[in-house]
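Chain by chain, the residues run as shown.
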Amino acid sequence: MGTYRIAVIPGDGIGSEIVAEALKVLDKVGQTFGHSFTYTQLLMGGAAYDAVGTCFPEDTVPVCREHDAVLLGAVGGPRWDHLSGAERPEKALLKIREGLGLYANLRPALMHRALSAACPIKQEHVGDSMDLLIVRELTGGIYFGEHGWREGRYGQEAYDVERYSEMEIRRIAKVAFEAAMTRRKNLVSVDKANVLETSRFWRRVVTEMSAGYPEVTLSHMYVDNAAMQLVHRPSQFDVILTSNMFGDILSDEASMITGSLGMLPSASLADGSFGLYEPSHGSAPDIAGKGIANPLATILSASMLLRYSLGLNAEADAVDAAVTAVLDAGIRTCDIAEPGKPSVGTADMGKAVCERICPPPSDTKCASLHGEARFCLA
Ligand code: IPM
Ligand code: MG
């Protein structure tokens, strides 16, 4: 039984709708398992810009640090597209990742059997199942290298520099090797070592580290091939380790294979147990306020929060199992509904998950779905 403090950043677009459902699920977990969660709501992104004139209020990082973890909805939208690069809501996301030292982004892509009809790839290519984890480096690479505009040989030009230090590669590779040890022990490091120096360095460091993990089968793949292999035979992957930008791209691709971008959670972890949890999808401004967004990625992100930051594995298992039970019962938001079949709204989906949260143990309906062990970043 514990008391946990969670900083909540609903953000923009559908953010507040999906976060509200994840909080209901956490409250239900609290009631069922005897924990109490307290929430501090913070503004960030376009919502903060409208309220206080900046997308990243100064106290965001210090306030988040006073909490056990952060739950975030999504930021950004066309309303703030006129802002300069440095002022944009997306920049606030990069600042919070950097400010909180969240270098390890875990993006699991799990195909729920009940959703196989929503998978755009022919079943024979997907194989038995798809259950992979993308470990994306989150505070380095081209996102955080030097950016600028200048006068070049042919007039004005712009540039973004890709840069990785050995320390940055080592610490993210360690996360990936350790994650692989808790799973099927298969690690694919994705790079573009046929062209980029940063990738050649990345490959060298990861290869050196593999000596420390003799049980893990390590292979390397160029990113263009990895993008193709993901749609060709996604079940070949267990853990994918990659850089910030390649991870951004491959995680959207992987999520779509599972049926919908609306299903993919993510954890962004710092050293220790602190982390920020958010769905991998964006703020979906086109459907904001309509009450139809799929809250499952955010609910599954709350499950990752329970598991990775609070060490509450049974509770996380109960949330994952409740999501599976909802899908097995045929309950669908419109993004994952089969054409012509009925769908429910955001709040009803949240309610359906809450109703299926049941206490451990022995109840087979609550059996662990992922069997993922919690690991702390040392
Ligand atoms: C993501 C998003 C962000 C990223 C954007 C919104 C800055 O696409 O979390 O995948 O590129 O990291
Ligand atoms: Mg992205």
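(A) How the structure looks around unusual backbone geometry. A positive phi angle, near 60 degrees, is found at Lys185, a position not held by glycine. The partly exposed category is assigned to Lys185, whose relative accessible area is 27%. Even without being a glycine, Ala284 presents a positive backbone phi close to 40 degrees. By secondary structure assignment, the location of Ala284 is in the loop between β12 (275–279) and α10 (296–309).

(B) Looking closely at helix α6 (residues 166–181). For α6, with 16 residues, the first-to-last C-alpha span of 22 Å sits near the 22 Å given by 1.5 Å per residue. For α6, the complete set of buried residues consists of Glu168, Ile169, Ile172, Ala173, Val175, Ala176, Phe177, Ala179 and Ala180. In the core, the buried residues of α6 are packed alongside β4 (104–110), β5 (131–137), β8 (186–191), α7 (197–209), β9 (217–222) and β10 (239–242).

(C) Structural detail: the sheet that holds β5. Strand order in this open sheet of 10 strands is β2-β1-β3-β12-β11-β4-β5-β10-β8-β9, and the pairing throughout is mixed. Whereas interior strands pair on both sides, the edge strands pair on one side only; in this sheet they are β2 (36–41) and β9. For this sheet the average axis-to-axis angle between neighbouring strands, irrespective of direction, equals 25 degrees. Two elements, strand β11 (residues 265–269) and β12, share five bridges in a ladder whose sense is antiparallel. Its bridge partner being in β12, Ala267 is matched across the sheet by Tyr277. Along the sheet, α7 makes contact with β5, β8, β9 and β10, crossing β9 at roughly 175 degrees. Helix-sheet contacts for α10 involve β1 (3–11), β2, β3 (69–74), β4, β11 and β12, and the interaxial angle to β12 is about 160 degrees.

(D) Region of interest: the packing of α6 against α7. At a minimum axis distance of 10 Å, the contact between α6 and α7 shows a crossing angle of 50 degrees. As far as their axial angle goes, α7 and α6 are oblique. The two elements α6 and α7 cross, and the hand of that crossing is right-handed. Taken together, the residues of α7 that come into contact with α6 (itself represented by Glu166, Ile169, Arg170, Ile172, Ala173, Lys174 and Phe177) are Phe201, Trp202, Val205, Val206, Glu208 and Met209. Of the residues that constitute the contact of α6 with α7, the class distribution is nine nonpolar, no polar and four charged.

(E) Looking closely at the site of ligand 1. Close to ligand 1 lie Glu90, Leu93, Arg97, Arg107, Arg136, Tyr143 and Asp248, which account for all nearby residues. At a separation of 2.8 Å, an oxygen atom of ligand 1 approaches a polar side-chain atom of Arg136. When ligand 1 sits alone it has 320 Å² of accessible area, and the protein chains cover 77% of it. Top element by residues in the shell around ligand 1 is helix α4 (residues 89–99). It accounts for three residues. Looking at the shell around ligand 1, its residues break down into two nonpolar, no polar and five charged. Composition of the shell around ligand 1 by domain shows at least three residues from each of domain 1 (1–110 + 260–378) and domain 2 (120–257).

About the criteria used
- Residues numbered from 1 in each chain as written.
- Chains lettered and ligands numbered in written order.
- Predicted model: local features only at pLDDT ≥ 70, side-chain atom pairs only at ≥ 80, totals over all residues.
- Heavy atoms only, no water.
- Buried < 20%, exposed > 50% of the residue type's maximum accessible area, 1.4 Å probe, protein only.
- Helix = DSSP H or I, 4+ residues; strand = E, 2+ residues; numbered from the N terminus.
- Expected span 1.5 Å × (residues − 1).
- Contact = heavy atoms within 4.5 Å.
- Pairing = 2+ DSSP bridges.
- Axes fitted to C-alpha atoms, helices over the stretch in contact; angles between N-to-C directions.
- Parallel < 35°, antiparallel > 145°, perpendicular 65-115°, else oblique.
- Left-handed = near helix turned anticlockwise from the far one by under 90°.
- Nonpolar A, V, L, I, M, F, W, Y, C, P; charged D, E, K, R; others polar.
- Near = heavy atom within 4 Å.
- Polar contact = N/O pair within 3.5 Å; in protein donor to acceptor, adjacent residues only side chain to side chain.
- Areas by Shrake-Rupley, 256 points an atom, 1.4 Å probe, with all protein chains shown as cover.
- Domains from an automatic or database assignment.

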